[in-house]
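# Structure at a glance
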Amino acid sequence: MNGKARLPILLFSSAVFAGAFLLFLVQPLVAKRILPWFGGGPGVWMVCLMFYQITLFLGYLYAHGLVRFLSRRLQLATHAFVLVAALVLLPVLPSEIWRPDPSRDPSMGIMVLLLFNVFAPFFALAATGPLLQAWFSKGYPGRSPYALYAVSNLGSFVALFLFPAVVEPFFSLEQGSDVWSIGFIGASTLIIGSGAW
C-alpha cells in the first residue's frame, strides 16, 4: 500500500482514536470536580452513568439519522455545525457557580450541570465512531471499516489508563480541562477533515 493510499486510513483512524480518547477522558475529569460537591454515594454515580449512557445513545441515534436521511455533504455540514457549537460551549469542567445547595436533592442538580457543561461535546464525540465508519465504508467500499472499531476501543482504553497514571498526578483539574479542550479542537479538525476527504 503506497503512502497516498495510507493517508485516508491514517486520517480516519486518528479521528476515531481522538474521539474515543476524549469521550472516555472527560468522564473521570468531570467526576473529579463534582464528586466533592455531591458526594460519592451510589446515587451520584447512577445519575452520572445514566446521563452518559443516554447521551451516548443519542449520539449513536444522531449518527444513524445523518447517514440514513442526509446526503454526504449535508452530513458533513450538520456534524461540523454540531462540533463548532460544542466548541463554543467549552470548557467542560463546571465552574464554582454550579456548586449545589446541600439542602436539595442532588439528582436534578447533577443532570442540569452535566447537560449544560458536558452534553454538547460528549454528544458530538459519541457520534464520531459510527459516523466515521459509515463515511469510510462509503468512501472506500473495498476496505472494511471495522478496524476503526478496534481503534476506537484502543482510544477508550488509553484514556482510562492515562487519567490515573498521567492526568491526575501531573495536571490540576483546570489544566486537564484546558488540555481536553485543545484535544477537542484537534479531534474536531480531524473529524471534519475525514468527512471532507
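Residues numbered from 1 in each chain as written. Predicted model: local features only at pLDDT ≥ 70, side-chain atom pairs only at ≥ 80, totals over all residues. Heavy atoms only, no water.

## Some words on the pattern of salt bridges
A full pass over the atoms with the stated rule returns 3 salt bridges. Residue Lys32 is joined to Glu168 by a salt bridge in which the shortest nitrogen-to-oxygen separation is 3.6 Å. With Lys32 in helix H1 (residues 3-38) and Glu168 in helix H7 (residues 147-170), this residue pair connects regions lying 136 residues apart in the sequence. Among the salt bridges present, the one from Arg33 reaches Glu174, with a minimum N-O distance of 2.4 Å. With Arg33 in helix H1 and Glu174 in helix H8 (residues 173-196), the pair connects residues that are 141 residues apart, well separated along the chain. (Salt bridge = Lys/Arg side-chain N within 4 Å of Asp/Glu carboxyl O. Helix = DSSP H or I, 4+ residues; strand = E, 2+ residues; numbered from the N terminus.)

## Re unusual backbone geometry
Following Leu90, the chain continues to Pro91 via a peptide bond in cis, the omega torsion being 10°. As for its position among the elements, Pro91 is in the loop between helix H3 (72-88) and helix H4 (106-117).

## Some details on the layout of surface pockets
Estimates place the volume of the largest pocket at around 530 Å³. Top element by residues in the lining of the largest pocket is H1. It accounts for 10 residues. Class assignment of the residues belonging to the lining of the largest pocket gives a composition of 19 nonpolar, 9 polar and no charged. (1 Å grid on protein atoms, 1.4 Å probe; cavity = no way out; pocket = protein on both sides within 12 Å on 5 of 7 lines; lining within 4 Å. Points joined across faces, edges and corners; volume = space filled by probe spheres on them. Nonpolar A, V, L, I, M, F, W, Y, C, P; charged D, E, K, R; others polar.)

## Considerations on H4
For H4, spanning 12 residues, the distance from its first C-alpha to its last is 16 Å, which sits close to the expected 16 Å at 1.5 Å a residue. Restricting attention to buried positions, one finds in H4 the residues Ile110, Leu113, Leu114 and Asn117. The arc enclosing the buried residues of H4, seen along the axis, measures out at 95°, which places them on a common side. With respect to the buried face of H4, the exposed residues turned more than 90 degrees away are Met108 and Phe116. (Expected span 1.5 Å × (residues − 1). Buried < 20%, exposed > 50% of the residue type's maximum accessible area, 1.4 Å probe, protein only. Arc of directions from axis to C-beta.)

## Observations concerning the packing of H3 against helix H6 (residues 128-139)
Here H3 crosses H6 at 155°, and the two axes come no closer than 12 Å. Considering the angle they form, H3 stands roughly antiparallel to H6. Judged by the twist between their axes, the crossing of H3 over H6 is left-handed. On H6, the residues that touch Arg72, Gln75, Leu76 and His79 of H3 are Leu131, Trp135 and Gly139. (Axes fitted to C-alpha atoms, helices over the stretch in contact; angles between N-to-C directions. Parallel < 35°, antiparallel > 145°, perpendicular 65-115°, else oblique. Left-handed = near helix turned anticlockwise from the far one by under 90°. Contact = heavy atoms within 4.5 Å.)

## Considering the environment of Ser156
When you line up the elements, Ser156 lands in helix H7. Judged by relative accessible area, which is 9%, Ser156 ranks as buried. Sequence separation between Ser156 and Ser137 is 19 residues, and the spatial gap between their C-alpha atoms is 22 Å. Not counting chain neighbours up to four residues away, the residues in contact with Ser156 comprise Ala20, Phe21 and Phe24.

## As for the packing of helix H2 (residues 42-69) against H6
Direction vectors running N to C along H2 and H6 enclose 25°, while the axes themselves pass 9 Å from each other. When the interaxial angle is binned, H2 and H6 end up roughly parallel. Contact with H2, carried on its side by Tyr60, Ala63, Leu66 and Val67, involves Pro130, Leu131, Ala134 and Lys138 of H6 and no other residues of that element. Class assignment of the residues belonging to the contact of H2 with H6 gives a composition of 7 nonpolar, no polar and 1 charged.

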